[in-house]
Amino acid sequence: MPPKVRDSDPESIVRFENVGLRYGLGPEVLQDITFALGPSSFRFLLGESGAGKSSLLKLLYMALRPTRGQISLFGRNVASMSRSELPRLRRRVGVVFQEFRLLDHLSAFDNVALPMRVAGARESDVRRHVEELLSWVGLKDHLNSRPPTLSGGQQQRIAIARAVITRPKLLLADEPTGNVDDKMGLRLMHLFEELNKLGTTVIVATHNLGIVRQMAHPVMRLENGRLNTDEAEIISDLRLDEPGIGAGAASAGPGFTRIH
Amino acid sequence: MLRRRSDLPMNEDTLGRFLPWLIAFMVFLSALALAGMLILNDAVKRWDTGLNATVSVQVPPGANAREDEQRLGQVLAVLAAKPGVERYETLSKDRLFDLLKPWIGDTGQAQDLPIPMLIDVTVDRDADLDAQSLAKELQARVPGVSVDDHRVWLSQLVRLVTVIQVLAWAVLGLIALATIGTVVFTTRTGLAIHREAIEVLHLIGAQDAYIARQFAARALGLGLKGGFLGLALAVPTLAGIGYLALETGATMVPKPDLGVLKAMGFLFLPVAVALLAMLTARSTVMRNLKRMS
């Protein structure tokens, strides 16, 4: 059984109540999704392909509206917000899209600068922050390169830099390790953890159980459109507590035993 | 403020090549329409202030100088009492003979030739003075008096010119509409082409206005580029037309002289069209984005 969402929870960053989603007249791809995450939470979102992970993330970054139920972000009911209010909310959400969605005609620098510029940041601040972050992810020599000229891993790091440049309060990542080897995947995860320590709520949708095993964070799992938050069940189901391939730190850690 | 840098790959789409030429064409046409309108305006103003305000009264000569004087006196009395008559002046005999010189030759010894007397009457243009009723009134006193009203054919000409001017305005209006239509179309196409990038901008937290600004800035840039190109093409064309008009000696049409103010008017055309393009692009984006998601 999913844990009951407490009604008085002004602190929650994300809050889903009986959320359902269908595309057009098709079947519900998400059913009765109920969960809440407070500040500084870190969750892995697991699930087979087609289980609804991307749909759930789309609801979270407000690309879709639910067909039923209620979604609150930062304590505000998304359904009641006007179109002109959405941008302000979206600026507090960083997204690493599965297919990156970088703007190919812009340099790496301009891509990462985008969220700051959109929010009206001063150009001197933009320059300073973007250069710093791109150096930090190892792309110092590629500030002016356009994404198509870079490798998948490099593009991925640009996408991640763009997602975190404004220090979002909520960070969503859809298969952020899909295009890189395990070593690079882990490095990127550590970047997320750094942000998480600074107060950002992080949700990472992934297939990569190796990485889940190595990082001590709670898991949620989508099963045929329903969200399973019963960690013990997921852990035994996926044998997350057993050392997997390439897993250094197999111990479940505190995250697995602590539910919200 | 408009930022130079664009987040959308606008320079890579084909619209950039297409829009300036269309706008150049619009500005070219509107420059011609504007030039025609200005020239006609001048012409009408000249006719108005010149001929339009005068009427000539012709008094047939009597048997002798005394009768002449008597008739003239009666006509002048009527004119003096007539409302709408601002000023009247009897042309002297000398002046009349001067005017007739080309036809009857030197009239040094023919001063007593019976020729009609002419009175130049300046009419208050606002008063609705009817030449025909004036003629009737005068004829009742002095038979044979005739009144020449230049205004009759002039007013027809002025009416024609007015129609042409209305047409010129209509042409300018149509050009503006065509510009708006073109920009709406190209902007919508641009929105469709850049849909993916626009969605990313939205998800990153861009306001509609932020995206609209980029389209507006581009429309302004392309509009100015095309506008001045069109003006550059229109100038030699107009100069050519002006030259031809002078060559054929069309005296009814005033010399196409460009005052500073009028030159400014022409410079204003491309700017106006570019501003129109900018505002159209902006509102098109705002409207379509609201529909998009």
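Only a predicted model underlies this, so the values are computations on that prediction, with no experimental measurement involved.

What follows concerns the overall build of chain B. Each helix and strand counted, chain B has 8 helices and 4 strands in total. When the helices and strands of chain B are read in sequence order from the N terminus, they spell out α-β-α-β-α-β-α-β-α-α-α-α. The buried share of chain B, reckoned over its 293 residues, is 29%. Here the analysis covers contacts within chain B between residues at least 6 apart in sequence; of these, 87% occur between residues at least 24 apart.

All names here are of chain B. Of note, P143 is situated in the loop between α4 (131–141) and β4 (146–149). Residue P143 is classed as exposed on the basis of its C-beta count, with 9 C-beta atoms lying within 10 Å. On a C-alpha basis, the gap between P143 and P60 in space is 8.3 Å, while along the polypeptide they are 83 residues apart.

Residues and elements named next belong to chain A. Running from amino to carboxyl end, helix α3 (residues 108–118) crosses helix α4 (residues 123–136) at an angle of 130°, the nearest separation of the two axes being 9 Å. Our classification of the angle between α3 and α4 gives oblique. You can see that α3 and α4 cross each other, and the crossing is right-handed. Contact with α3, carried on its side by A108, F109, V112, A113, M116 and R117, involves V126, H129, V130, L133 and L134 of α4 and no other residues of that element. Class assignment for the residues of the contact of α3 with α4 results in 9 nonpolar, 1 polar and 1 charged.

Glancing now at helix α5 (residues 152–164) of chain A. Between its terminal C-alpha atoms α5 of chain A stretches 18 Å, which fits the 18 Å expected from 13 residues at 1.5 Å a residue. Lining the buried residues of α5 of chain A we find β6 (93–96), α3, α4, β7 (170–174) and α6 (182–197) of chain A.

Let's shift gears to the environment of A159 of chain A. Residue and element names in this part refer to chain A. Relative to the assigned elements, A159 resides in helix α5. Note on A159: 24 C-beta atoms within 10 Å, which makes it buried. In sequence terms A159 and V112 are 47 residues apart; their C-alpha atoms lie 7.5 Å from each other. Excluding residues within four positions of it along the chain, A159 makes contact with V96, F97, F100 and L102.

This part covers the nonpolar core. Among soluble globular proteins, nonpolar side chains are generally buried collectively. Core analysis: the biggest nonpolar cluster contains 111 residues, and L45, V112, L171 and L172 of chain A together with V27, A219 and A277 of chain B have the highest contact counts within it. By residue number, the principal contributor to this core is helix α1 (residues 15–49) of chain B, which donates 13 residues. Sequence-distant contacts of A277 of chain B, defined by excluding residues within four places in its chain, comprise I23, T179, V183, A219, L220 and G223 of chain B.

Looking now at the sheet that holds strand β2 (residues 85–90) of chain B. Residues and elements named next belong to chain B. One open sheet holds the 4 strands; their spatial order is β2-β3-β1-β4, and the pairing between them is antiparallel. The sheet is open, and its two borders are formed by β2 and β4, each paired with just one other strand. Across the sheet, the mean angle from the axis of one strand to that of its neighbour is 25°, orientation sign disregarded. Here strand β1 (residues 54–59) pairs with strand β3 (residues 117–123) via 6 bridges, running antiparallel. Bridging across to β3, S56 finds its partner in D120.

Residues and elements named next belong to chain B. For chain B, mean pLDDT is 82; residues scoring 70 or higher make up 85% of the total. Confidence, expressed as mean pLDDT per element, reaches its minimum in chain B at helix α3 (residues 93–104) with 76 and its maximum at helix α6 (residues 195–204) with 92. With pTM at 0.73, the complex prediction returns an ipTM value of 0.84.

Cut-off values and rules
Residues numbered from 1 in each chain as written. Chains lettered and ligands numbered in written order. Predicted model: local features only at pLDDT ≥ 70, side-chain atom pairs only at ≥ 80, totals over all residues. Helix = DSSP H or I, 4+ residues; strand = E, 2+ residues; numbered from the N terminus. Buried ≥ 20, exposed ≤ 12 C-beta atoms within 10 Å, placed from the backbone. Contact = placed C-beta atoms within 7 Å. Axes fitted to C-alpha atoms, helices over the stretch in contact; angles between N-to-C directions. Parallel < 35°, antiparallel > 145°, perpendicular 65-115°, else oblique. Left-handed = near helix turned anticlockwise from the far one by under 90°. Nonpolar A, V, L, I, M, F, W, Y, C, P; charged D, E, K, R; others polar. Expected span 1.5 Å × (residues − 1). Core = buried A, V, L, I, M, F, W, Y, C linked by C-beta atoms within 7 Å. Pairing = 2+ DSSP bridges. pLDDT = per-residue confidence, 0-100.

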